[in-house]
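These are the residues of each chain, in order.
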Amino acid sequence: MGSPSASSGAGDVEAARAAHLEMLSSVVVASGELEPRLSTPSLTHSYHHAFEGFVAELTEEEAAALSDHERVVSVFRDRALQLHTTRSWDFLDTQSGLRTDRLGRRASGDVIIGVIDTGVWPESQSFNDAGMGDVPARWRGLCMEGPDFKKSKCNKKLIGARYYGIQAGSAAPTSSNASLGAVTAAMTGSPRDTVGHGTHCASTAAGAVVADAEYYGLARGAAKGGAPASRVATYKVCSMGGCSSSALLKAIDDAVSDGVDVISISIGMSSAFASDFLSDPIALGAFHAHQRGVLVVCSGGNDGPNPYTVVNSAPWILTVAASSIDRTFQSSIVLGNGNVVKGVAINFSNQSLSGDRFPLVFGAQAAGRYTPASEASNCYPGSLDVQKVAGKMVVCVGTNSMVSRRVKKLVAEGSGASGLVLIDDTEKDVPLDAGSFAFSQVGADLGAQILDYINSTKNPTAVILPTEDVKLFKPAPMVASFSARGPGGLTESILKPDLMAPGVSILAAAMPSTDKADVPDGKKPSAFAIKSGTSMACPHVAGAAAFVKSAHPGWSPSMIRSALMTTATTRNNLGQPVASNTGAVATGHDMGAGEISPLRALSPGLVFDTTAKDYLNFLCYYGYKAKLVRMVSGDAGFACPRGAPSPDLIATGINYPSISVPRLAAGKAVTVSRTAMNVGPSNATYTATVEAPAGLSLKVLPERLVFSRRWTTAAYEVSFGSAGASKGYAYGAVTWSDGAHSVRTPFAVNVV
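From a predicted model like this one, the values you see are computed outputs, not experimental measurements.

Caption draft 1: Molecular detail of empty space enclosed by the protein. Volume-wise, the second largest cavity comes out at about 40 Å³. In this structure, the second largest cavity is lined by Phe287, His290, Gln291, Ala612 and Tyr615. In terms of residue class, the lining of the second largest cavity is built from three nonpolar, two polar and no charged.

Caption draft 2: Quick look at the pairing of strand β28 (residues 670–678). Summarising the sheet, strand β26 (residues 606–607) and β28 pair through two bridges and their orientation is antiparallel. Bridge pairing in β28 links valine 607 to methionine 677. Bridge count between β28 and strand β32 (residues 713–722): eight bridges; the pairing is antiparallel. Among the inter-strand pairings, alanine 676 is bridged to a residue of β32, identified as alanine 714.

Caption draft 3: Expanded view of the packing of aromatic side chains. Applying the stated criterion to the full structure yields 16 aromatic pairs. With a centroid separation of 5.0 Å and an interplanar angle of 70°, the aromatic rings of phenylalanine 277 and tyrosine 622 are classed as edge-to-face. Linking phenylalanine 277 in the loop between β12 (267–268) and α7 (281–291) with tyrosine 622 in helix α16 (residues 612–622), this pair joins segments that are 345 residues apart in sequence. Given the relative accessible area of 2%, phenylalanine 277 is considered buried. Judged by its relative accessible area of 24%, tyrosine 622 falls in the partly exposed class.

Caption draft 4: Molecular detail of the state of the cysteines. Within this structure, the stated rule accounts for four disulfides. Shown here is the disulfide that connects cysteine 143 with cysteine 154, its sulfur atoms set 2.0 Å apart. Torsion about the S-S bond of the cysteine 143 and cysteine 154 cystine: about 85°, corresponding to right-handed handedness. You can see cysteine 143 sitting in the loop between β4 (112–117) and β5 (158–163) and its partner cysteine 154 sitting in the loop between β4 and β5, a full 11 residues away along the chain. Relative accessible area serves as the criterion here: at 14%, cysteine 143 is assigned to the buried category. If one numbers only the bonded cysteines of the protein chain, in the order they occur, the disulfide pattern is 1-2, 3-4, 5-6, 7-8. Looking at cysteine 201, it has no disulfide partner, and the nearest cysteine sulfur is the one in cysteine 538, 7.0 Å off.

Caption draft 5: How the structure looks around the sheet that holds strand β14 (residues 318–323). Read from one edge to the other, the open sheet built from seven strands follows the order β5-β8-β4-β11-β13-β14-β23, with strand pairing classed as parallel. The sheet is open, and its two edges are formed by β5 and β23 (499–502), each paired on a single side. The average undirected angle you get between the axes of adjacent strands in this sheet is 25°. Note: β14 against β23, four bridges, orientation parallel.

Caption draft 6: Representation of the pattern of salt bridges within the structure. Within this structure, the stated rule accounts for 15 salt bridges. Salt-bridge contacts for aspartate 110 lead to arginine 231; the nearest nitrogen and oxygen are separated by 2.9 Å. With a gap of 121 residues between them, aspartate 110 in the loop between α4 (100–104) and β4 and arginine 231 in strand β8 (residues 231–236) connect regions that are remote in the sequence. A salt bridge links glutamate 691 to arginine 744, with the shortest nitrogen-to-oxygen separation between them at 3.4 Å. One end of the pair, glutamate 691, is in strand β29 (residues 684–691); the other, arginine 744, is in strand β34 (residues 742–751), with 53 residues separating them in the sequence. On the accessibility criterion, glutamate 691 (38% relative accessible area) is partly exposed.

The rules behind these values
- Residues numbered from 1 in each chain as written.
- Predicted model: local features only at pLDDT ≥ 70, side-chain atom pairs only at ≥ 80, totals over all residues.
- Heavy atoms only, no water.
- 1 Å grid on protein atoms, 1.4 Å probe; cavity = no way out; pocket = protein on both sides within 12 Å on 5 of 7 lines; lining within 4 Å.
- Points joined across faces, edges and corners; volume = space filled by probe spheres on them.
- Nonpolar A, V, L, I, M, F, W, Y, C, P; charged D, E, K, R; others polar.
- Pairing = 2+ DSSP bridges.
- Helix = DSSP H or I, 4+ residues; strand = E, 2+ residues; numbered from the N terminus.
- Phe/Tyr/Trp six-rings, centres within 6.5 Å; stacked < 30°, edge-to-face > 60°.
- Buried < 20%, exposed > 50% of the residue type's maximum accessible area, 1.4 Å probe, protein only.
- Disulfide = S-S within 2.5 Å.
- Axes fitted to C-alpha atoms, helices over the stretch in contact; angles between N-to-C directions.
- Salt bridge = Lys/Arg side-chain N within 4 Å of Asp/Glu carboxyl O.

Printed below as a string of structure tokens:
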């Protein structure tokens, strides 16, 4: 992968492609293969807008020779990436405590969001362009056609749609693709979404207002995106088989050239297979997009709640964690003794209080011949005796993490059970969609009550009622159990994730399902779906960023990120600190700066503008050589700062809206510098307050920042010291306030 490119015309494109072919041919010759090639290598993709590079099929020897070329920054395999899979926007408005109508009127103009995902279902009403003005004249994108997708499918809302073919075997399978498998077949030659993920994400970010949206009667209300006035352009790089990293890199290159303002990417590598920053296609593409003034928002991954699982953690990427909203889906279990146990799930069963009661049996009591009770109690595949289960309500536990909830449901359903009660605290915060099969999940405490009832009577019975909405649920938000946690695996000197947004049970547009198992009996396929994941949180932030961009078109990507981070909330709807799924107070490594508050972000008071030089210095401090950094950036005059490489200097010298100190030893203070820019009124004075745990000493100098005019800057330092603090990470914040604005900068300090 080479340096940035400024080419745009057809002649420049052909010239760049010719240069790439020339470089490729020279490498094939230089590799000195003993056996001649059966065919000349060809370019799969050629990048020439935001940056310069190409994709080709090479041998190991050719790839090694190419990596030694003086113009090459990095060479890496084309890998298979994985997808990170209405009420939410109203909930965010409610949490802000501000008037939506007054502040919303400040947001105007045409902002374009590029969604890189599985494509789009253009017939969805979420992409209706009624009342929208002409497409911005600066738009240079395409509406590509396919057998099932005509140019007429694009309109003034959905202004662009591209797709990228994946050649068979071009993305090698890896163990990180447990949920999607490897890319093994050519993608559909069309921008049309055949998965549903991309349509859901695009409508969450910028969908038009659709009245009376619902999912088979659940979550009924007006569906809308975060920036309903914004335009959408979709870039299909994924199919059901996975996502090609080379296609994704090409999509970023095209999106920047097309003229998008914000890019939303709900895709990433598994945290177990993290690449360094210049070998990660998302990080590399996002770096060059940022150079061209385009904000890239990415999901942080679904490998939580363990630490060191967050991905897409480069500092020039806005990394998003997932949270719950104030709505849940209750699936009540009515026991034969009249007790009602309130479980969580989405099911559309036909069971009722006035109907039949079903015999209730614990899985261990219905084990098949020669099957250990421990396997049957976990609904392990093949573990249940069909004759002991058929027509009965089965109770299983989740002590075996190798068997997912969906597999347990399929095992019970396949054995002829009338329903399944799952006792498992894992993922209890994320309702499973069981379709027409009666299903409900409870935690260990309520599960003990059910098991006690089974043991207390000779003929236990139960029914599971169809799901009901529970509105105004408290507490909310809460960090989702699956949401990946920091610190980042590549560096702990940048606090990741950056912030948090709704990602649990989100209603948004979808492709109508053709699978009968997904459609309740007697119903037509829904035009909407309820999905969970950091994939759903990411487009919330992309929509919020577009909202801020529309009000402040001159702001840089890092200014927009800063506004969203420093105005985020850390309190739930009970007025208490936001908690993680375990009930413990959420930390910066769980939720970053907190839950986004888009309305507050319109007027943040101060922002931290992380500059291009900050990012180049970051690369130097991280350990990259100055020559490589110059090649990546295209800045021939750049020199690494004194002291590089030094990971410790990342924390102290990069002007980021949060602070992470990966090592604080007793008796050795660490001083961090930051520079704030006033984007509020003139003649403003801000005073610092500190939140810090016992044993951690903090000193802020100066304690007051004075700004005579808008757009002026002021620098300050925060010194950290250990005064008997417990070892491990300590969390807190420095907040600057002028009485009207609160600018909160969270920190994480590792005491060693």
